Amino acid sequence: MLTLAAVGAAKATQDDTLLTAALTQAPGQSLEALRVTYAPGEASKPHSHDRDAYVYVLDGLVRSQVEGQVLRVYATGENWFEPAGARHLVSANASSTAPATILVVFVGKPHPSRQ
């Protein structure tokens, strides 16, 4: 599961699981899709995931930096990939006035709580 901790924001990040499914062409692997909404100005602490992640900005502006890459602001319709184990140094709503929503699709071994 995606775990994001708010840093200095009044409202917590909202994470909604949209889908969890076993991959038929990759035994022992699964796909999990989540919708994550950041309140205005909200950010998560640096973190990493044990699964590959594809991230798509559904709405708003998201500031993101994966270790070894440049800091970028992604707008609605833009996307990026995070390999399993990569350190996500910056993950934040780039706006102080509007929420930002991303779709995160994880692929890898399912978490025990999801089986």
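Residues numbered from 1 in each chain as written. Predicted model: local features only at pLDDT ≥ 70, side-chain atom pairs only at ≥ 80, totals over all residues. Heavy atoms only, no water.

Q: How should the side chain of N93 be read in this particular structure?
A: Of note, N93 is situated in strand β9 (residues 87–93). Of the residues examined, N93 reaches a relative accessible area of 3% and is grouped as buried. Every residue in contact with N93, bar those within four places of it in the chain, is listed here: Y38, A39, P40, G41, E42, L61, R63, A98, P99 and A100. (Helix = DSSP H or I, 4+ residues; strand = E, 2+ residues; numbered from the N terminus. Buried < 20%, exposed > 50% of the residue type's maximum accessible area, 1.4 Å probe, protein only. Contact = heavy atoms within 4.5 Å.)

Q: What's the story with the packing of aromatic side chains in this structure? I'm lost.
A: By convention here, two paired aromatic rings are described through the distance between centres and the angle between planes. Taken as a whole and assessed by the stated rule, the structure comprises one aromatic pair. With centroids separated by 4.4 Å and ring planes inclined at 35°, the aromatic side chains of Y74 and W80 adopt a geometry described as tilted. Pair check on accessibility: Y74 and W80 agree, each one buried. (Phe/Tyr/Trp six-rings, centres within 6.5 Å; stacked < 30°, edge-to-face > 60°.)

Q: Would you mind going over the sheet that holds strand β8 (residues 79–82) with me for this structure?
A: Pairing between the strands of a sheet is mediated by backbone hydrogen bonds and can be parallel or antiparallel. One open sheet holds the five strands; their spatial order is β1-β2-β10-β5-β8, and the pairing between them is antiparallel. The open sheet has two edge strands with one neighbour each: β1 (14–22) and β8. Averaged over all pairs of adjacent strands, the angle between their axes in this sheet comes to 20°, without regard to strand direction. Looking at chain direction, strand β5 (residues 52–59) and β8 are connected through four bridges and run antiparallel. Bridging from a neighbouring strand, A53 pairs with E82 of β8. (Pairing = 2+ DSSP bridges. Axes fitted to C-alpha atoms, helices over the stretch in contact; angles between N-to-C directions.)

Q: What is the right way to read the nonpolar core from this model?
A: Soluble globular proteins tend to bury their nonpolar side chains together. Counting 13 residues, the largest nonpolar core has V36, V57, V62, W80, I102 and V104 as the members making the most contacts within it. Elements supplying a minimum of two residues to this core: β2 (30–38), β5 and β10 (100–108). For this core, the leading source of residues is β10, giving four residues. (Core = buried A, V, L, I, M, F, W, Y, C linked by side-chain atoms within 4.5 Å.)

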